[in-house]
Amino acid sequence: MEESHAAFANAFRQDIPPPTAPWAGFPTYNFVGGHNAAETVPVDELIAAVTARLQNEGRTLATYSLESGPQGYRPLRSFLVDRLKQDAGIACTEDEILITSGSLQGMELINAAMLSPGDTVVIEEENYGGVLSRLKRRQAEIAAVPVDHDGMRMDALAETLEALKARGITPKYIYTIPTVQNPTATVMPEDRRREMLRLARQYNVPVFEDDCYANLTWDGERPPAIHALDTDGCVVYIGSFSKSIAPALRVGYVVAPWPVLAQLLPLKTDAGSGAIEQMMLAEYCPAHFDTHVKRQRAVLKDKLDNLIEALSAAFGTTVEFRVPRGGIFLWVRFPEAVDTARLCKAAAEAGIAVNPGPEWSVAGDANRCIRICYANPSKDVVRDGILKLAEVCHATFGVPERSGNISR
């Protein structure tokens, strides 16, 4: 530590994450994070929306929570009541919704309210990296359930819950991303959702449903949310505008019975999530959300098709993947000879950023996988970046073979 900062040398806790270097900008080929397609951000409409809402209600910025109370801007919660009923089948009231600073804050609040060190949670083997890191920081025990082409396997979930019961362990929750799962992009069918609820009731375990990507199925169709099928109040649900509108807005929400929200609210000590963002969304979404998301799906599907063509041209049949039904990610599996932690390190030196599998999975073969976010880069950048990734992979592991697979 520099001499001018010597006073801090022994001041920081030893159990916090290690310090990071100053940000140096995005790499040339950036396939990490949950960034979305810049061309789909409705800039002009958002400008008009925030202007109109500030002209009408701007003076309410003088009070915390815009005179709507600690659960967030009431007109936005009103929009969500209608939208969740239409899209996900969820019947809820404004008072069963808590606006958060992104869905991650909702996740943090739920974990803070429910988890102590040593508690067990059940999750999908392949999973959102933010979940894995947060559970690790809370010293939670993870019981991982395999995922197939329809999401979390219910036979494996039943075996996991029974094995935990035999050890005297009741998990704090079953966490799932059932609609456009991250990173596998699977969509859990309704019969599995009902079976998950049956098992949750049998073993007296709540369900934590993360539905952040559910608006991005290519055909606009999706099964009802697990929350919508629940008749016992055992599901807590989080959603977000990060993927449907823009990640940088940082507006998410929790949907849960009031007794659950009443436990979360005292932990939300930020004096309220961003007010202007909430006002803007409340003005924009009722008139424009459907049209915007339909266009967004078309743009993202076109970018996915472009990525698949690029992978086929650069890697041939060397890599494997399931074609997603929606979303912004592709989960790619390499041959056993490829260690993706090494691959990603070598790729980074060439200006290519991809997520290695172990950051997104606790499965035994995670080191053979990578997650590619294809939403933000242009189609030309994607094609060039995947070609360069194949060249790095060949130079590091001899995969793919050069004959016919790598061409410009």
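Placed above this text is the structure.
Residues numbered from 1 in each chain as written. Predicted model: local features only at pLDDT ≥ 70, side-chain atom pairs only at ≥ 80, totals over all residues. Heavy atoms only, no water.

Assignment of secondary structure puts Leu104 in helix α3 (residues 102-114). Contacts of Leu104, omitting those with residues within four sequence positions, involve Tyr128, Arg134 and Arg250. (Helix = DSSP H or I, 4+ residues; strand = E, 2+ residues; numbered from the N terminus. Contact = heavy atoms within 4.5 Å.)

For the rest of this paragraph, the subject is the packing of helix α5 (residues 154-166) against helix α6 (residues 190-203). Taken N-terminus to C-terminus, the directions of α5 and α6 make an angle of 10 degrees; their axes are 10 Å apart at the nearest point. If you check the angle between α5 and α6, you find them roughly parallel. Residue-level contacts link Met154, Leu157, Ala158, Leu161, Glu162 and Lys165 of α5 to Arg192, Glu195, Met196, Leu199 and Tyr203 of α6. A breakdown of the residues in the contact of α5 with α6 according to their chemical character gives seven nonpolar, no polar and four charged. (Axes fitted to C-alpha atoms, helices over the stretch in contact; angles between N-to-C directions. Parallel < 35°, antiparallel > 145°, perpendicular 65-115°, else oblique. Nonpolar A, V, L, I, M, F, W, Y, C, P; charged D, E, K, R; others polar.)

As a further point, take the pattern of salt bridges. Pairs may arise between side chains of opposite charge once their charged atoms sit close together. According to the stated counting rule, one finds 24 salt bridges in the structure shown. Its salt-bridge partner being Glu108, residue Arg138 comes within 3.9 Å of it at the nearest N-O pair. Here the residue Arg138 occupies a position in the loop between α4 (129-137) and β4 (141-145), and Glu108 occupies one in helix α3, the gap between them amounting to 30 residues. Accessibility expressed as a relative area gives 28% for Arg138, which makes it partly exposed. By sharing partners, the salt bridges in this structure join Arg74, Arg77, Glu94 and Asp95 into a single network. (Salt bridge = Lys/Arg side-chain N within 4 Å of Asp/Glu carboxyl O. Buried < 20%, exposed > 50% of the residue type's maximum accessible area, 1.4 Å probe, protein only.)

Because side chains alternate across strand β10 (residues 252-255), one face comprises the buried residues Gly252 and Val254, and the other comprises Tyr253 and Val255, equally buried. Two elements, strand β2 (residues 97-100) and β10, share four bridges in a ladder whose sense is antiparallel. Note on β10: the bridge partner recorded for Thr100 is Gly252. Two elements, strand β9 (residues 235-240) and β10, share four bridges in a ladder whose sense is antiparallel. (Pairing = 2+ DSSP bridges.)

Bringing the sheet that holds strand β14 (residues 369-373) into the picture now. Pairing in this open sheet of three strands is antiparallel, and the strands run β11-β14-β13 from one edge to the other. Looking at which strands have only one partner, the edges of the open sheet turn out to be β11 (329-333) and β13 (355-356). Pairing analysis gives two bridges linking β13 to β14, with the strands arranged antiparallel. Across the sheet, Asn355 pairs through a bridge with Arg371, a residue of β14. Each of β11 and β14 touches helix α9 (residues 275-315); the most contacted strand, β11, lies at about 20 degrees to it.

Here Tyr213 lies in the loop between β8 (207-210) and α7 (226-229). On the basis of relative accessibility, which here comes to 7%, the residue Tyr213 falls in the buried class. Distance in space between the C-alpha atoms of Tyr213 and Gly239 is 8.1 Å, their sequence separation being 26 residues. For Tyr213, the contacting residues outside a window of four places in its chain are Ile177, Thr179, Val180, Asn182, Lys243 and Phe329.

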